[in-house]
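# Fold and geometry: a report
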Amino acid sequence: MIDEGQRDPDIVSVADVALFDGALSPSWHSVFASNSVVIAYNPETAGGERLAEAGTERWYEPMVDGEVTIGRTDPDQDPLGYRALFMLELASRYYDDASDLRERVLERDQIYPETSLISQFETGSIDAAIAYRNMAVEREYEYIELPARIDLSDPQYAEEWYATTSYTLPSGREIHGGLISYGSTIRHMSEAAVSVFDVLTTGTYLEDHGFLLREQFPAYTGDVPERVSEATGRSNGPRSRLASPDEALSPTVSDITVLI
């Protein structure tokens, strides 16, 4: 939509920095947070109870046995969708008795838009959802934390492990697995945009809402403007600042548009 001129935000943020390699191709961007893939489950359904019993090391067994109804997002439309595929492929290698999980677990009718996935889960129509950790934390869902080697959250596994998985989009572009990385850039530079960008990428709301922060964040790629690096550099200490971007919206910056 941005590429076609249907949207013209001052700031754009993405759930996968790989998306900045496509049509947008900004001259610079910030990597400011990470996340992990988890299995959120409804403890009030029979399938959810079975998942809770299986736990971190055996969660895939009730899925393979058909005892759990699962929801996920579309890998052709949403980074979480293809990250779910990466997670299952890595799990097939990680566990001794869990081969071909993508083929044995996944079905087409499990796919929902993210908003519908949440509603299906909350009404009990599905027992579990392959979700981001922050989605579960924000909504206080019960969830199973997965081993770091398969949850796409640990930088030490990014190159030699996560990157061995891939998915080809309908456009023909191949996406490789990697550390879940949220990126942001300023498209229309102004002091107000820098102020909002600072809070967006360094605010305490990130941790409060279940995102994972790393010592190296925010990190930059490309020719980052000096005033951006200076602003976020001053804020990149203990995260005791503004809780959310909304709190930065004084009258002087309330006209800044952020597309996430």
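Located above this text is the structure these notes cover.
Since the structure is predicted, the reported quantities are computational estimates derived from the model, not experimental observations. (Residues numbered from 1 in each chain as written. Predicted model: local features only at pLDDT ≥ 70, side-chain atom pairs only at ≥ 80, totals over all residues. Heavy atoms only, no water.)

This part takes up the pattern of salt bridges. Summed over all chains, the structure comprises 11 salt bridges. The residue Arg93 makes a salt bridge to Glu89 at a minimum N-O spacing of 2.7 Å. Linking Arg93 with Glu89, this pair stays in helix H3 (residues 79-94), spanning 4 residues, or about one helical turn. Given the relative accessible area of 38%, Arg93 is considered partly exposed. For the salt bridge of Glu89 with Arg102, the shortest nitrogen-to-oxygen distance reads 2.9 Å. Taken as a pair, Glu89 in helix H3 and Arg102 in helix H4 (residues 101-105) lie far apart in primary sequence, 13 residues in all. Glu89 sits in the partly exposed class, given a relative accessible area of 22%. (Salt bridge = Lys/Arg side-chain N within 4 Å of Asp/Glu carboxyl O. Helix = DSSP H or I, 4+ residues; strand = E, 2+ residues; numbered from the N terminus. Buried < 20%, exposed > 50% of the residue type's maximum accessible area, 1.4 Å probe, protein only.)

Soluble, globular proteins show a tendency: their nonpolar side chains are buried together. Ranked by internal contacts, the top residues of the largest apolar core, which has 69 residues, are Ile39, Leu51, Trp59, Met87, Leu101, Ile130 and Ile186. Element by element, the count of residues in this core is highest for H3, at 9 residues. Other than its neighbours up to four places away in sequence, Trp59 contacts Ile39, Leu51, Ala54, Met87, Leu88, Ala91, Tyr95, Leu101, Ile144, Leu146 and Ile150. (Core = buried A, V, L, I, M, F, W, Y, C linked by side-chain atoms within 4.5 Å. Contact = heavy atoms within 4.5 Å.)

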